[in-house]
Amino acid sequence: MAILDQGPPHYKKMLPPIVQENYGQWKYHEIPRPGVLRHVAEGGAVLHSVRVGTPRLVSIDFIREVCVIADEYCDGYLRWTTRNNIEFLVSDEAKVEPLLAELDAKGLRVGGTGRSISNIVHTQGWVHCHTPATDASGVVKAVMDDLYEYFNSMKLPAKLKMGLACCLNMCGAAHCSDIAIVGVHRTPPRINHDVIRKGTEIPSLVASCPTGAIRPDPKNKSVVVNEDKCMYCGNCYTMSPAMEIYDPKNDGIAILIGGKTSNARTAPSFSRMVIPFLPNTAPRWPETTAAIRKIVELWIANARKGERVGEWVERIGWEKFFELAELPFSEMLIDDYIFSRETFRTSAQFKF
Ligand code: SF4
Ligand code: SF4
């Protein structure tokens, strides 16, 4: 077979020798302390993975520092997870404690396994994208600082996976998170007709709108937006700089809860909106951190052991959740509100 020069190298080449030798034969793992997993193979081989949280935006100097640590304790084998954790893969059991001591001395925090909060998976829209409604990493830093006690311990009812997407296109996997933070715009795009006339492909712009809110305006060689149909997604701004969507006064954050991708115990589920708007109060987003802490603490106080956030809410009923969380409820917060007849209680989403 020809070896081509495009595409990433095969992942197997980068696995530590102990993983290659025991491929497909790992029997079980245990968690001797938060952030440390001990994997045991059929033949008795043991591998430790030590998980460290990072803020995602890291410098080259930081990466070098991490690689030097990996060279010393794990023959250079480590991996970055999708949640921006670093996992040091230690095949020499005697090196686990010295590695933990070095990480601690360097201020690198170990945690995020088992019944804890893992690092928040998030987007980085303000660095590379057109439509962010909030600064993803800033919010994540504020929320993780506030919930740190649940990162380096395992006192939650179950694992807590959070996601942040900086706009409702949700490339931050927020749609299936126990708690999701989503940046939201709340006003339609402001059209710059001059920019449209000078350099926008109008058919592509019209086609970019998922709700059909944009129509050509041939008289003015521009477009019009039907504001009743607009859902403020910002797709049109990706297509043309003439459709500016940013609105500092009205952009902010929505909170969704109850999603999960796992099919353990119950089927995977989508997150559902419980707080439609919180203000963008950089640099520490106190309203967002307080709202999330309140939901987490309610879950801790009321869930059964092993129950994910969505499983707990499904058991007690969404109406009860809103009551306990003291959150105002509107028909816009349930997916099928047009089918609920005289009262929200006829919605399939409510249980009594
Ligand atoms: Fe861009 Fe939206 Fe993805 Fe953020 S969530 S990176 S703004 S598409
Ligand atoms: Fe259409 Fe989204 Fe643009 Fe509104 S913001 S006009 S829904 S593409």
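This one's a predicted model, so the numbers in the text were calculated from it and none came from an experiment.

(A) Representation of the site of ligand 2 in the model. In the vicinity of ligand 2 lie 13 residues, with C209, C230, C233, G234 and C236 positioned nearest. Tallied by class, residues from the shell around ligand 2 come to ten nonpolar, three polar and no charged.

(B) Structural detail: the environment of N192. Mapped onto the secondary structure, N192 falls in the loop between β9 (190-191) and α6 (193-199). By relative accessible area, which is 36% here, N192 ends up partly exposed. When the C-alpha positions of N192 and I181 are compared, they lie 31 Å apart, and in sequence the two are eleven residues distant.

(C) Quick look at the sheet that holds strand β6 (residues 121-122). Strand order in the open sheet made by the five strands is β6-β7-β8-β13-β14, with mixed pairing throughout. Edge strands, defined here as strands with exactly one partner in the open sheet, are β6 and β14 (272-279). Taken together, the four bridges between strand β7 (residues 162-165) and strand β8 (residues 179-184) define a ladder with parallel strand orientation. Paired with L164 across the two strands is I181, which belongs to β8. Contacts from helix α9 (residues 286-302) reach β7, β8, β13 (252-257) and β14, with the element oriented near 150° to β14. Against the sheet, helix α11 (residues 318-325) contacts β13 and β14, and its axis sits at roughly 30° relative to β14.

(D) Structural context of the pattern of salt bridges. Overall, the coordinates contain 21 salt bridges when judged by the stated rule. With its nearest N and O atoms 3.8 Å apart, the salt bridge here joins K260 to E311. Of this pair, K260 sits in the loop between β13 and β14 while E311 sits in helix α10 (residues 309-316); the two residues are 51 residues apart in sequence, bridging distant segments of the chain. Judged by relative accessible area, K260 falls into the buried class, the value being 2%.

Analysis parameters
Residues numbered from 1 in each chain as written. Chains lettered and ligands numbered in written order. Predicted model: local features only at pLDDT ≥ 70, side-chain atom pairs only at ≥ 80, totals over all residues. Heavy atoms only, no water. Near = heavy atom within 4 Å. Nonpolar A, V, L, I, M, F, W, Y, C, P; charged D, E, K, R; others polar. Helix = DSSP H or I, 4+ residues; strand = E, 2+ residues; numbered from the N terminus. Buried < 20%, exposed > 50% of the residue type's maximum accessible area, 1.4 Å probe, protein only. Pairing = 2+ DSSP bridges. Contact = heavy atoms within 4.5 Å. Axes fitted to C-alpha atoms, helices over the stretch in contact; angles between N-to-C directions. Salt bridge = Lys/Arg side-chain N within 4 Å of Asp/Glu carboxyl O.

Keep in mind that these numbers describe shape and distance, not what the molecule does.
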